[in-house]
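# Structural characterization, general
Next come the chains, spelled out residue by residue.
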There are 2 protein chains.
Amino acid sequence: MKKKTIADLNRLHEIDGECRHLEKIAELLNWDAQTYLPPNGHVERAEQLALIEGLGHEKFTSSETGELLEAVADDENLSAIDKDLIRVLKRKYKQDIKLPLDFVSSCARAQGLSQAAWAKARQENNFAAFLPHLKTMLNFARKKAEYWGFTGNRAYDGLLDIYEPDMTADEVADVFVPLKERLSLLLKKIAAKPQPEAGFLTKHFPVAEQKRFCTELMQRLGFDVNRGRLDVSAHPFTCSLGAHDIRITTRYLKQNPLSSIFSTIHESGHAFYEMGLPDSLRGSSLADGASMAIHESQSRLWENVIGRSRSFWKFLLPVAQKFFPAQLGDVSLDDFYKAANQVQPSLIRTEADEVSYSLHVILRFELERSLFSGELAPEAVPEAWRQGMKDLLGIEPLSDAEGCLQDIHWSQGSFGYFPSYALGNLYGLQFREKLLEIIPDFEQQIERGDFAGIHEWLRTHIYSWGKRRSPKDLLQMVCEKKLSSKPFIDYIEAKYSNLYGL
Amino acid sequence: MKKKTIADLNRLHEIDGECRHLEKIAELLNWDAQTYLPPNGHVERAEQLALIEGLGHEKFTSSETGELLEAVADDENLSAIDKDLIRVLKRKYKQDIKLPLDFVSSCARAQGLSQAAWAKARQENNFAAFLPHLKTMLNFARKKAEYWGFTGNRAYDGLLDIYEPDMTADEVADVFVPLKERLSLLLKKIAAKPQPEAGFLTKHFPVAEQKRFCTELMQRLGFDVNRGRLDVSAHPFTCSLGAHDIRITTRYLKQNPLSSIFSTIHESGHAFYEMGLPDSLRGSSLADGASMAIHESQSRLWENVIGRSRSFWKFLLPVAQKFFPAQLGDVSLDDFYKAANQVQPSLIRTEADEVSYSLHVILRFELERSLFSGELAPEAVPEAWRQGMKDLLGIEPLSDAEGCLQDIHWSQGSFGYFPSYALGNLYGLQFREKLLEIIPDFEQQIERGDFAGIHEWLRTHIYSWGKRRSPKDLLQMVCEKKLSSKPFIDYIEAKYSNLYGL
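Here's a quick rundown of the structure. (Residues numbered from 1 in each chain as written. Chains lettered and ligands numbered in written order. Predicted model: local features only at pLDDT ≥ 70, side-chain atom pairs only at ≥ 80, totals over all residues. Heavy atoms only, no water.)

### Describing the pattern of salt bridges
Quick note on the threshold: When a carboxyl oxygen of Asp or Glu is within 4 Å of a side-chain nitrogen of Lys or Arg, the pair counts as a salt bridge. Labels follow the DSSP assignment, with helices taken as runs of H or I lasting at least four residues and strands as runs of E lasting at least two, numbered in each case from the N terminus. Each residue gets one of three labels from its accessible area relative to the maximum for its type: buried under 20%, exposed over 50%, partly exposed in between, using a 1.4 Å probe on protein chains only.
Scanning the model with the defined rule gives 94 salt bridges over all chains in all. Here A:E14 and A:R11 are joined by a salt bridge, their closest N and O atoms 2.4 Å apart. Taken together, the residues A:E14 and A:R11, both in helix 1 (residues 3–35) and 3 residues apart, mark about one turn of the helix. Assessed through its relative accessible area of 44%, A:E14 is described here as partly exposed. Between B:E354 and B:K495 there is a salt bridge, with its nearest N and O atoms 2.7 Å apart. Linking B:E354 in helix 15 (residues 354–373) with B:K495 in helix 21 (residues 486–500), this pair joins segments that are 141 residues apart in sequence. Here B:E354 matches B:K495 in class, with each residue buried.

### Quick look at helix 16 (residues 381–393) of chain B
All names here are of chain B. The cut-off we apply is this: To estimate the expected span of a helix, count its residues, drop one, and scale the result by 1.5 Å. Taken from the helix axis, the directions to the C-beta atoms give the arc we talk about. Should any heavy atoms of two residues lie within 4.5 Å, those residues are counted as being in contact.
Between its first and last C-alpha atoms helix 16 spans 17 Å; for 13 residues at 1.5 Å apiece the expected length is 18 Å, and the two agree. Among all positions in helix 16, only V381, P382, W385, G388, M389, L392 and L393 are buried. Mapping the buried residues of helix 16 onto a view down its axis gives an arc of 125°, with all of them on the same face. Summarising the contacts, the buried residues of helix 16 are in contact with helix 6 (127–147), helix 8 (169–191) and helix 15. Just past helix 16, the residue G394 takes up positive phi, approximately 75°.

### Brief notes about the nonpolar core
Under the convention used in this document: Nonpolar cores are built from buried Ala, Val, Leu, Ile, Met, Phe, Trp, Tyr and Cys residues. Side-chain atoms within 4.5 Å join them into one set.
A:F176, A:W302, A:F312, A:F336 and A:I454 are the most contacted members of the largest nonpolar core, which has 152 residues in total. With sequence-adjacent residues up to four places away left out, A:F336 is seen in contact with A:F200, A:L201, A:L258, A:W313, A:L317, A:L328 and A:V331. In terms of nonpolar packing, the next biggest core, distinct from the first, is built from 151 residues, B:V172, B:I190, B:L363 and B:F372 among them.

### Quick look at the packing of aromatic side chains
Short version of the rule: We call Phe, Tyr and Trp rings a pair once their centres come within 6.5 Å, taking the six-membered ring for Trp, and we label the pair stacked below 30 degrees between planes, edge-to-face above 60, and tilted otherwise.
Under the definition given, this model contains 60 aromatic pairs over all chains. Ring geometry for A:Y36 versus B:Y36: centroids 4.4 Å apart, planes at 0°, classification stacked. On the criterion of chain membership, the pair formed by A:Y36 in the loop between helix 1 and helix 2 (42–60) and B:Y36 in the loop between helix 1 (3–35) and helix 2 (42–60) is interchain, its members lying in two chains. Arranged with centres 6.2 Å apart and planes meeting at 40°, the rings of B:F418 and B:Y421 form a pair that is tilted.

The following block contains the structure:
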């Protein structure tokens with residue numbers, strides 16, 4: 001490589017590294033806002049976020065970055081990783097220079113305030129108090145899409161692209177059509193069948209004990225507590241504050257141990273991805289997931305495919321019984337497995353069963369499309385939500401706290417994020433097909449609580465690539481296939497036909 | 001005011017405000033490092049700190065700041081607050097421009113690593129593991145003093161100046177001489193007397209219950225939990241992360257409830273100062289304490305003058321008995337008061353009684369002076385510590401964890417900080433003289449758990465001034481006196497002569 005290219009490349013790495021540090025610092029400000037920040041601290045926190053986001057934006061979109069990217073781009077001697085890095089940075093640069101500094105800071109400030117307002121509004125079941133923030137966040141999102149050139153009806157495509165690069169709303173709709181149809185049908189069939197006995201899951205499970213159990217559980221799955229931690233937040237999430245500082249949160253319900261357990265497994269799945277990123281990408285923009293849906297494929301693979309399987313509970317039930325002898329001591333594996341997989345339309349997405357879960361996501365996707373097409377006014381969201389729940393799941397929330405205020409995403413302006421959850425289910429099941437080919441005793445390993453082989457496969461085929469491949473390319477590389485809902489639908493139908501004797 | 005002055009002033013406020021935000025963000029990175037950061041996260045955290053400190057330094061020391069400070073300085077129409085702000089900023093600017101950017105970042109990076117190494121070394125009682133960091137921090141401190149023009153023997157004066165502006169090591173030594181003499185004498189007299197019965201304080205006090213009690217206690221003292229919180233750390237501290245985000249920490253010992261109680265009161269005293277800063281100074285460099293010793297005057301006033309008084313326990317003992325009925329239910333007020341004020345030389349500064357406390361500080365001050373004069377090599381610190389403890393307190397630590405590794409300060413490079421603790425005692429007792437003049441029923445108010453009058457006086461005379469006055473000027477303004485050890489010595493001698501029947 002030419003001397004100048006080497007120098008340019010070093011400087012580019014330096015700029016990228018500093019911007020990543022600023023992103024991680026913003027993540028800490030956010031993590032803290034959702035876990036430990038005193039109630040009155042949110043206004044100043046929003047200012048701090050605005051400043052940090054602004055500094056990062058300023059640094060990255062400087063003309064220097066643009067010139068460096070141009071200067072090194074054509075050098076054929078670049079390493080494969082550097083080629084990928086430059087492609088990713090160029091894409092980001094092209095988008096970011098279109099956003100004025102002032103817009104970025106204001107957006108971060110508004111986000112901080114909106115998120116705090118949402119938490120309060122949700123607690124107080126007060127949609128009216130959140131509405132002005134929702135409008136603000138919608139305007140910022142619309143404006144952002146516009147800056148990027150996604151005008152009019154295409155605004156939502158621009159937002160989707162943040163989370164799932166190169167996927168349009170129409171493409172999402174295409175995979176959601178069969179999903180909606182088949183899951184709704186399955187749900188109806190199940191509704192006609194008797195439910196398993198699950199009373200033991202509504203006994204009293206003390207929070208302190210749940211905490212101890214979840215801490216044990218995450219470590220048994222492979223979570224390294226020297227490189228991360230578990231906290232509590234209103235909405236469970238994973239935060240990557242550094243290569244060796246990956247934090248997850250959960251929430252505890254006294255009379256529902258599965259809530260904290262499945263949240264812990266779900267977030268651990270995200271954490272494994274972050275913890276598994278290779279050292280060669282550390283500190284750069286490639287040290288990230290391929291996309292939000294690929295990230296969700298990991299969390300939902302662990303939560304559902306593994307965590308809700310009979311094999312898994314063969315391993316975990318005896319452990320759980322040690323923590324909760326009075327509550328679970330006399331429960332059999334089959335009874336527990338059936339209870340943990342009870343299908344029953346419910347109001348809260350994060351607590352939903354595997355069958356109805358994607359329908360929750362489809363509702364949000366449809367509402368988001370309507371919000372951005374202008375068909376749905378923000379004021380009308382609560383009513384549209386109730387109607388959508390009735391149509392899709394046959395039940396209706398009595399309060400907005402259990403309805404349109406339940407999720408944090410819109411308060412953060414993360415429109416276009418929700419589809420990732422259902423897409424993650426699809427990617428996850430496509431990966432599972434491959435996993436079963438490579439690890440024929442997949443179920444037996446899970447029964448033994450031995451997850452090393454699964455981690456190894458995921459590390460090699462998913463984690464190690466970081467953000468080097470687009471989701472489409474990664475899927476092609478790993479599965480030699482395009483995105484499809486078939487493996488997911490097949491899996492769901494087989495599992496629940498069996499469970500409910502359909 | 002001229003139009004240009006107004007514009008310049010606005011810009012100056014803006015720069016100052018952004019630099020303050022960056023300082024608060026660094027504070028969060030530090031707070032988190034001491035409370036929740038996973039063990040392996042320290043290296044990257046140090047990089048994040050280096051970046052933020054560097055950005056703040058770069059922003060503040062830009063030529064623009066210098067020009068603005070020059071431009072507005074002579075305008076006689078400046079408000080009183082702005083005049084004070086500009087004086088404070090000029091002082092800071094004059095110091096900061098002498099420090100190269102690279103030095104500031106490296107220092108912050110080294111601090112982060114050193115602090116983590118100290119925590120580990122202390123836990124493992126391994127001074128050798130901390131020694132290289134101690135040397136690094138000493139070198140940074142020496143270099144910093146040198147940049148400021150404090151060369152040779154005057155290096156330590158330069159460091160003292162960070163915490164107690166315009167006070168030299170000789171001035172500190174002057175007030176410490178009578179303190180050392182009189183406290184040592186009192187300690188000897190007490191040693192000849194029988195100790196009160198204090199066995200009930202070594203019963204088992206469950207940590208969860210101590211936590212609940214301390215949370216109640218801080219609120220009864222006036223801590224607003226909407227604007228702050230209580231956490232746990234190896235070394236109790238107070239952190240001001242924003243005007244409405246003031247966090248304190250404590251630590252819990254199962255068989256010593258007084259440790260967490262007095263730490264909570266001490267840190268609450270710091271928090272009251274921060275919470276009480278007036279809105280007119282918010283977000284600027286004036287929103288700070290006058291000096292570290294003035295800050296300590298607040299924490300030690302609450303911890304000792306109030307918290308260790310008989311009046312205070314008349315109010316608090318019944319509350320404590322509700323939390324710990326089995327441990328304290330049958331303890332009388334006089335027995336508790338005597339036990340809580342037991343004078344007994346001990347190894348840990350933060351757990352020390354009022355009489356021996358300042359001697360712990362004097363030991364550290366003398367060691368620091370020797371370290372900077374070159375008489376003491378860092379390698380010889382453990383031995384010098386043991387000898388110093390023997391000379392001053394008649395006892396010797398068996399481990400470095402209970403000796404020279406007990407305090408966090410040196411690991412953060414905070415040489416020159418320790419004297420503040422003893423100076424804080426002196427300031428605090430001078431303020432108390434004034435408080436007693438204004439509030440004749442001071443003790444009765446405390447007996448009732450009514451702290452509103454005390455807060456009001458402190459707000460008016462101390463908090464509301466923020467950093468607008470130097471410690472010397474503030475003392476002169478409030479007490480019309482110079483710094484003196486007499487009120488402190490008189491108070492200590494009277495209180496403990498009475499308690500021990502001397």
